[in-house]
Amino acid sequence: MANAAPLIFGRGTPIDGGRNFTDGRQILGSHKTFRGLFAGILAGTIFGFVEYPFGPQMPLAGFLIGLGAVLGDLLGAFLKRRLDIKPGDPLPIIDQLDFVFGALVLGSLVFPLSWLSVLLVVLVTPPIHLGTNYGAYLLGLKKTYW
């Protein structure tokens, strides 16, 4: 949810303010906005509170996983701009897993992760991500199907 919320609730002021990095390329791009950033963190936090019956650590975990997801996505956008890939253009594997790695890193502060659970998440997420992106494209929420 933390990765989907920026798509639904984003828009507005870009995080990078439209500035370029030292290489002359955009830092993140106009589609990475403060509203999207906060929407992703808030979505993760809300879901953490909803999952409170499963453990008192869930609100903190939701916040950290949401924060990690949006930071991972921002890191992916930064990498894509360095590779001169325009916002919205695909970078396979990075597009499907950048947010996952961020969420796993910060989520591991609350939940120790086994290699098996990491492997499972890494294998299951890309097809789910592609499917939800295609659904968002069909609904007119995204301009591309990836």
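If you're wondering where the values come from, they're calculated on a predicted model, not measured in any experiment. Residue indices follow the written sequence of each chain, beginning from 1 at its first position. Reporting in this predicted model follows two pLDDT cut-offs: at least 70 for local features of residues, and 80 or more for side-chain atom pairs to be given and counted; totals over whole chains, interfaces and linings ignore these cut-offs and use all residues. The basis for every side-chain value is the complete set of non-hydrogen atoms in the structure, without hydrogens or water.

Draft legend 1. Highlighting helix α2 (residues 34–50). In DSSP terms, a helix is any run of H or I states spanning at least four residues, a strand is any run of E spanning at least two, and both are numbered starting from the N terminus. In a helix, the anticipated span is given by 1.5 Å times the number of residues less one. With 17 residues, α2 should cover 24 Å at 1.5 Å per step; its first-to-last C-alpha distance of 24 Å lies within 8% of that length. Burial here depends on accessible area, computed with a 1.4 Å probe over protein chains only, as a share of the maximum for the residue type. Under 20% is buried, over 50% is exposed, and the range in between is partly exposed. Where α2 is concerned, the buried positions are Gly-36, Leu-37, Ala-39, Gly-40, Ile-41, Ala-43, Gly-44, Thr-45 and Gly-48. Turning to α2, the residues buried within the fold contact α1 (5–9) and α3 (58–82). Working rule for contacts: check all heavy atoms of both residues, and any pair within 4.5 Å makes them a contact.

Draft legend 2. Structural context of the environment of Phe-78. Topologically, Phe-78 is positioned in helix α3. Phe-78 gets classed as partly exposed once you look at its relative accessible area, which sits at 25%. When sequence neighbours within four positions are dropped, the list of residues in contact with Phe-78 reads Phe-21, Ile-27 and Leu-28.

Draft legend 3. Here's a closer look at the packing of helix α4 (residues 94–107) against helix α5 (residues 115–138). It is the contact of α4 with α5, at a shortest axis distance of 9 Å, that shows an interaxial angle of 140°. Judged by the angle between their axes, α4 and α5 are oblique. Of the two elements, α4 crosses α5, and the hand of that crossing is right-handed. In this structure, α4 contributes Asp-95, Gln-96, Leu-97, Phe-99, Val-100, Phe-101 and Leu-104 to the contact, and α5 contributes Val-118, Val-121, Val-122, Thr-125, Pro-126, His-129 and Leu-130. For helices, the axis comes from a line fit to the C-alpha atoms of the stretch in contact; other axes are also lines fit to C-alpha atoms, and the angle between any two N-to-C directions lies between 0 and 180 degrees. By the definition adopted for this analysis, an angle is roughly parallel if under 35 degrees, roughly antiparallel if over 145, roughly perpendicular if from 65 to 115, and oblique otherwise. Crossing handedness: left-handed means the near helix sits turned counterclockwise from the far one by under a right angle, and right-handed means the same turn made clockwise.

Draft legend 4. Representation of the side chain of Thr-33. The topology assignment puts Thr-33 in the loop between α1 and α2. The buried category is assigned to Thr-33, whose relative accessible area is 5%. Polar contact criterion, stated in full: a pair of N or O atoms within 3.5 Å, where within protein one must be able to donate a hydrogen and the other to accept it, and residues adjacent in sequence count only if both atoms are side-chain atoms. Among the polar contacts made by the side chain of Thr-33, one reaches the main-chain amide nitrogen of Gly-36 at a distance of 3.1 Å. Those residues in contact with Thr-33 that sit more than four places away from it in its chain are Gly-10, Arg-11, Gly-12, Thr-13, Pro-14 and Ile-15.

Draft legend 5. How the structure looks around the nonpolar core. Throughout, nonpolar core names a set of buried Ala, Val, Leu, Ile, Met, Phe, Trp, Tyr and Cys residues whose side chains join them through atoms within 4.5 Å. Core analysis: the biggest nonpolar cluster contains 9 residues, these being Ala-2, Ala-69, Leu-97, Phe-99, Val-100, Ala-103, Leu-104, Val-118 and Val-122. Residue assignment for this core shows that the elements contributing at least two residues are α4 and α5. With 5 residues, α4 is the largest single contributor of residues to this core. For Phe-99, the contacting residues outside a window of four places in its chain are Asn-3, Gly-68, Ala-69, Gly-72, Asp-73, Thr-125 and His-129. Within the second largest apolar cluster, 6 residues are counted, among which are Ile-41, Val-70, Leu-74 and Ala-77.

Draft legend 6. Expanded view of the pattern of salt bridges. In the sections that follow, a salt bridge refers to a side-chain nitrogen of Lys or Arg positioned within 4 Å of a carboxyl oxygen of Asp or Glu. Scanning all chains against the criterion turns up 5 salt bridges. In this structure, a network of salt bridges that share partners links the residues Asp-23, Arg-25, Arg-82 and Asp-84.

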